[in-house]
Amino acid sequence: MALVTTLRRLVQNSLREYSRKASAVTWPTKQRSFSIGTQPLRSDNKVTVNFINRDGEKITVKGLPGDSLLDVVINEDLDFDGFGACEGTLACSTCHLIFDEEMYKKLGPITDEEMDMLDLAYGLTDTSRLGCQICLTKSLEGMVARVPESVADIRQTKDGSS
Amino acid sequence: VLIYTPALLFCCNSNELDVNLSRVFAGGCGKASLSSCSPKVCIVGSGPAGFYTAQHLIKVDIYERLPVPFGLVRFGVAPDHPEVKNVINTFTQTAKHSRCSFYGNVNVGKNVSITELQQAYHAVVLSYGAEGNRSMGVPGEDLAGVYSAKDFVGWYNGLPSCRELSPDLSCETAVILGQGNVALDVARILLSPIDILKKTDITQPTLEALAESQVRRVLIVGRRGPIQIACTIKELREMVNLPDTRPDMVAADFDGVKEALKDLPRPRKRLTELMLKTALEVPGEKEQERRSKASRTWGFRFFRSPVEVLAEPGHSRIAGIRLAINKLEGSGDGAQAVLTGEVEDVPCGLVVSSIGYKSLPIDPSVPFDSRKAIVPNTMGRVKQAAGLYCSGWLKTGPTGVIATTMNNSFDTARSILEDMDSGTLDMSAAKPGSQSISALLEKRGVKPVTFSDWEKIDNVEMKRGESRGKPREKLLTVEEMLHVAWT
């Protein structure tokens, strides 16, 4: 019986992983232009970005200057539930990211349009931005962006009572 | 797409998934049958709630009443907000994945009952949204010229059941009750220059009606004050910037608002500031000129509740609307509108009531809270109904944008997976799933529309739109849709 339970758990965890992966942001392939500029495409051109996901895990990836943080999430296949629903068109707030004060100041000006959508984000802070509007530059090397909870965790008691 | 898992499964095809599962269990426990490991789940409704719930389930069938999927993304989101509809891309990927099967043209509650679905599936998720609307509950509501926003929006978005709405746009003034984003959508569609609208997927009959429209003034009426307004800043900004229009507000409505600004959280503060600026600030020369040339006006009217729709004497057409004048008790979100006893009559020829959608019960076997108009549930688990779940507006009530519904649906899916894992959801008995439902439907002469059938409709619509410079020209009747689907 223990073996069955173990196997069942193993399979179900795998299935959940499968389900999570399959439900992760997947996009139709779009034309992506590489923002090379005048610099050769060397690996030291890349910008390191650290994401803190909703479980508190730190995920370190690299992106190219000119990529938006949403581009990075997509290109690196990062599994943030529901991230970037409107595909970077400032029609939602699901790419909401939170930065520390110092990094926030480096991110450049925010437009009214971005702020209008950011205003709708759950858990809005003074150092929040929308990932689709932040473009990487070398000066942002090593940045840390936290992915906040998208909704209040309404999980109550285990028996489901309100 | 190949999905690799640490252990035993190297496929994304759901049949192969079942086969591998049986191999595991045959090896591990001998007696365990294949079907006891294969959970069967179905979802009723293919709007955002349905699809976002599906995205977190391993294998799922989606049943949809119309031949076309996507619910309010297709029929609710305004034609001039195409970016909001980008979620269709992720839904399409989900639908085309082998682990998801779409069955359109199936009316759950009529062609097949919830009980029958529960016999075929371990879990049934109700995600059919809110197709009704709250009524004002005032005399004259049934007069010609009075429409619910739900129907008006359905009309300009090509919902088959709203095709015959044919609203009379031959009047100068339209009054919209309600000040949420849907109310602003209606105002914007009534006042937008045709040149802008004709490049959207708004329906052709609507475009023709709007081209002839005499509506020049739209009042958007709310019970409470500016600080309680329900719309969001993006939509307000669109009104402020709407070409060929100028704002027409009542300055007195904004007494005390400036003073209250400092205590407001940023989103509310910015929204209120924009309203104040639009209503009270003396515009610069350029803006002054723009306003003087504008041929159309729009404005908010606050502290007003409808008490009666007035008819033209001796006719059953609308001549105006009687509004009760309110005052506010309390402040902020919790402020209440209280009658003062005074009333005001506003002449108008079109009234659109935008005070909320409302869910309807689908099947007598499903618990329904008629006061809140939702299916009673705890975290998506329908109360007193094992194996029944709900997501989207049916679960929480008809407010919120697509992202709200997304989170809500992910939560329901999580509840289902938890219940499967813990054994709360009884999966000991094998269930036949779509096989038995398909057989039932066939017996009853109901032919489902598959997702590839929908893609034929999709292609025809896009092709028709191309020649008109529109993203698509929607098919407007179920008959046309089925004809294209099955030819």
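What you see is a predicted model; the values in this text were computed from it and never measured.

What follows covers the overall build of chain B. Secondary structure assignment for chain B yields 18 helices and 18 strands. Taking 2.2 N^0.38 as the reference for a compact globule, 487 residues should give roughly 23 Å; the C-alpha atoms of chain B span a radius of gyration of 25 Å, in line with that estimate. Considering only C-alpha atoms, chain B reaches an extent of 80 × 50 × 45 Å along its principal axes. Burial statistics for chain B: of 487 residues in total, 57% are counted as buried. Long-range contacts, defined as pairs at least 24 residues apart, comprise 71% of the intrachain contacts of chain B with a sequence gap of at least 6. Looking at charge distribution, chain B has the averaged site of its 58 positive side-chain charges lying 3 Å from that of its 55 negative ones.

Here we come to the environment of B:Lys327. Residues and elements named next belong to chain B. Position of Lys 327 relative to the elements: it lies in strand E12 (residues 318-329). Remark: the alpha-carbon pair of Lys 327 and Arg 304, spanning 23 residues in sequence, is separated by 8.9 Å. Excluding residues within four positions of it along the chain, Lys 327 makes contact with Gln 336, Ala 337, Val 338 and Thr 340.

Two strands in a sheet stick together by hydrogen bonds in their backbones, pointing the same way (parallel) or opposite ways (antiparallel). Residues and elements named next belong to chain B. Across the sheet, which stays open at both edges, the 3 strands sit in the order E11-E12-E13 with antiparallel pairing between neighbours. For this open sheet the edge positions go to strand E11 (304-311) and strand E13 (336-347), each flanked by a neighbour on one side alone. Neighbouring strand axes in the sheet, compared pairwise and without regard to direction, differ in orientation by 20 degrees on average. Relative to E12, E11 is paired through 7 bridges, and the arrangement is antiparallel. The residue bridging Ala 311 from the neighbouring strand is Ile 318, located in E12.

Turning to the UniProt feature "domain: FAD/NAD(P)-binding" (unreviewed entry) in chain B, a few remarks are in order. As annotated in UniProt, the feature "domain: FAD/NAD(P)-binding" (unreviewed entry) corresponds to residues 40-190 of chain B in the numbering used here. End-to-end, the C-alpha atoms of residues 40-190 of chain B are 46 Å apart, and along that stretch the chain is 31% helix and 17% strand.

Residues and elements named next belong to chain B. With 53 residues, the main nonpolar core has Leu 190, Val 218, Ile 220, Trp 298 and Phe 300 as its most contacted residues. Counting residues per element, this core draws most heavily on helix H7 (residues 181-191), at 7 residues. The residues contacting Trp 298, other than those within four sequence positions of it, are Leu 191, Val 218, Ile 220, Leu 236, Met 239, Val 240, Thr 245, Arg 246, Pro 247, Asp 248, Met 249 and Thr 278. Val 84, Phe 102, Met 420 and Leu 475 belong to the second largest nonpolar core, which has 45 residues in total.

So, about the side chain of B:Glu473. Residues and elements named next belong to chain B. Within the secondary structure, Glu 473 sits in the loop between helix H17 (451-466) and helix H18 (478-486). Separated by 2.8 Å, the side chains of Glu 473 and Lys 470 make a polar contact. Setting aside residues no more than four positions away along its own chain, Glu 473 makes contact with Ile 202, Thr 203, Gln 204, Glu 461, Arg 464, Gly 465 and Arg 468.

With that out of the way, let us pick up the packing of helix H6 (residues 149-156) of chain B against H7(B). Residues and elements named next belong to chain B. In contact at an axis separation of 10 Å, H6 and H7 are set at 45 degrees when each is read in the N-to-C sense. In terms of axis orientation, H6 runs oblique to H7. Regarding H6 and H7, the two cross each other, and that crossing is left-handed. On H7, the residues that touch Ala 149, Phe 152, Val 153 and Tyr 156 of H6 are Val 182, Asp 185, Val 186, Ile 189 and Leu 190. Looking at the contact of H6 with H7 residue by residue, the classes come out as 8 nonpolar, no polar and 1 charged.

With that settled, consider the packing of helix H10 (residues 233-240) of chain B against helix H12 (residues 266-280) of chain B. Residue and element names in this part refer to chain B. At their nearest, the axes of H10 and H12 sit 10 Å apart, and the two run at 15 degrees to each other. When the interaxial angle is binned, H10 and H12 end up roughly parallel. The handedness of the crossing between H10 and H12 is left-handed. Between H10 and H12, the residues in contact are Ile 233, Leu 236, Arg 237 and Val 240 and Arg 270, Leu 271, Leu 274, Met 275 and Thr 278, respectively.

The rules behind these values
- Residues numbered from 1 in each chain as written.
- Chains lettered and ligands numbered in written order.
- Predicted model: local features only at pLDDT ≥ 70, side-chain atom pairs only at ≥ 80, totals over all residues.
- Heavy atoms only, no water.
- Helix = DSSP H or I, 4+ residues; strand = E, 2+ residues; numbered from the N terminus.
- Rg over C-alpha atoms; globule rule 2.2 N^0.38 Å.
- Buried < 20%, exposed > 50% of the residue type's maximum accessible area, 1.4 Å probe, protein only.
- Contact = heavy atoms within 4.5 Å.
- Lys, Arg positive; Asp, Glu negative; His and termini not counted.
- Charge placed at Lys NZ, Arg CZ, Asp CG, Glu CD.
- Pairing = 2+ DSSP bridges.
- Axes fitted to C-alpha atoms, helices over the stretch in contact; angles between N-to-C directions.
- UniProt positions renumbered as here; feature names shortened; annotations may be inferred.
- Core = buried A, V, L, I, M, F, W, Y, C linked by side-chain atoms within 4.5 Å.
- Polar contact = N/O pair within 3.5 Å; in protein donor to acceptor, adjacent residues only side chain to side chain.
- Parallel < 35°, antiparallel > 145°, perpendicular 65-115°, else oblique.
- Left-handed = near helix turned anticlockwise from the far one by under 90°.
- Nonpolar A, V, L, I, M, F, W, Y, C, P; charged D, E, K, R; others polar.

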